[in-house]
Amino acid sequence: MKKIIFAAVTLLFSVSMFAQGPQRREFKPEDMATRMADGMKKELSLNDKQYKSVYDLYLKRGEEMKARREKGQQGQQVDREARREEMKKSQEAMNAELKKILTAEQYTKYEEMLKQQQRQRQGGPRGHQGGPGRPGGQGMGAR
């Protein structure tokens with residue numbers, strides 16, 4: 001009897017989730033900063049001071065990303081190439097700041113993780129599952 005009730009509840013839950021369609025989670029810069037800083041602490045053995053600096057850096061970047069997203073939602077579209085160039089400059093600035101925060105050894109490991117992430121995005125060999133970037137095994141903040 002318990003199995004039947006469990007199956008019915010599971011089925012109802014599944015149907016209700018499907019009926020709602022895909023839901024978009026709210027982007028929170030604080031969550032992104034925590035996830036990224038936690039991942040980097042784990043992968044690069046950051047000390048407390050480095051962790052705080054990395055968190056602050058990612059929080060600032062997250063707030064900038066949120067502002068760009070909101071700007072785009074207000075119909076102020078930027079052409080794709082300009083957006084790509086802006087993101088490239090943002091990443092270069094971020095890397096320059098990280099280079100100031102991390103030791104030479106940590107930064108070298110960080111660069112290797114970036115390369116691994118790029119290979120994964122391009123469908124390359126799957127190896128280490130902890131480079132910086134996205135959740136789901138493809139980022140430092142992977143849960």
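Rules behind the numbers
The numbering scheme is per chain: residues are counted from 1 as the chain's sequence reads. Totals for whole chains, interfaces and linings use every residue, but because this is a predicted model, local features are given only for residues with pLDDT of at least 70 and side-chain atom pairs only at 80 or more, for both listing and counting. Side-chain figures throughout are based on the complete set of non-hydrogen atoms in the structure, without hydrogens or water. As used in this record, nonpolar core signifies buried Ala, Val, Leu, Ile, Met, Phe, Trp, Tyr and Cys residues forming a set joined through side-chain atoms within 4.5 Å. Three exposure classes are used, based on accessible area relative to the maximum for each residue type with a 1.4 Å probe and protein chains only: buried under 20%, partly exposed in between, and exposed over 50%. Put simply, DSSP H or I for four residues or longer makes a helix, DSSP E for two residues or longer makes a strand, and each gets a number counted from the N terminus. Working rule for contacts: check all heavy atoms of both residues, and any pair within 4.5 Å makes them a contact. Here an angle of 0 to 180 degrees is reported between the N-to-C directions of two axes, which are lines fitted to C-alpha atoms, with helices fitted over the stretch in contact. For classification purposes, angles smaller than 35 degrees are called roughly parallel, those larger than 145 roughly antiparallel, those between 65 and 115 roughly perpendicular, and all remaining angles oblique. In this scheme, a crossing is called left-handed if the near helix is turned counterclockwise away from the far one by less than a right angle; it is called right-handed if the turn is clockwise. Every residue gets a pLDDT, meaning the predictor's confidence in that residue, from 0 to 100. Aromatic pairing here means that ring centres of Phe, Tyr or Trp (its six-membered ring) are within 6.5 Å. Orientation follows from the plane angle: under 30 degrees is stacked, over 60 is edge-to-face, and everything else is tilted. Here, a charge over a ring means that NZ of Lys or CZ of Arg falls within 6 Å of the ring centre while also lying within 35 degrees of the ring normal.

Draft legend 1. Here's a closer look at the nonpolar core. M40, L44, V54, Y58, L98, L102 and Y110 are the most contacted members of the largest nonpolar core, which has 20 residues in total. Where this core is concerned, the elements lending two or more residues are α2 (29-44), α3 (48-73), α4 (80-101) and α5 (104-121). Setting aside chain neighbours within four positions, we find Y58 in contact with M32, A33, M36, M40, M94, L98 and Y110.

Draft legend 2. Region of the structure containing the packing of α4 against α5. Interhelical geometry of α4 versus α5 gives an angle of 150° and a closest axis separation of 10 Å. What the angle tells us is that α4 and α5 run roughly antiparallel. For the element pair α4 and α5, the recorded crossing hand is right-handed. Seen from α4, the contacting residues are Q91, N95, L98 and K99; seen from α5, they are Y107, Y110 and L114.

Draft legend 3. Summary view of the confidence of the model for the protein. The share of residues in the protein with pLDDT of 70 or more is 64%, and the mean pLDDT across the chain is 76. Per-residue pLDDT, averaged within each element of the protein, yields its smallest value for helix α1 (residues 2-20) (45) and its largest for α2 (94). Below pLDDT 50 for its whole length, residues 133-138 participates in 19 contacts with residues either more than four positions away or in separate chains.

Draft legend 4. Focus on the packing of aromatic side chains. One pass over the structure, following the stated rule, counts one aromatic pair. Here Y107 and Y110 contribute two aromatic rings whose centre-to-centre distance is 5.6 Å and whose plane-to-plane angle is 40°, an arrangement assigned as tilted. With a gap of three residues between them, Y107 and Y110 both fall in helix α5, about one helical turn apart. According to the relative accessible area criterion, Y110 is buried, its value standing at 1%. Taking NZ or CZ as reference, K41 lies 5.3 Å from the ring centre of Y51, over its face.

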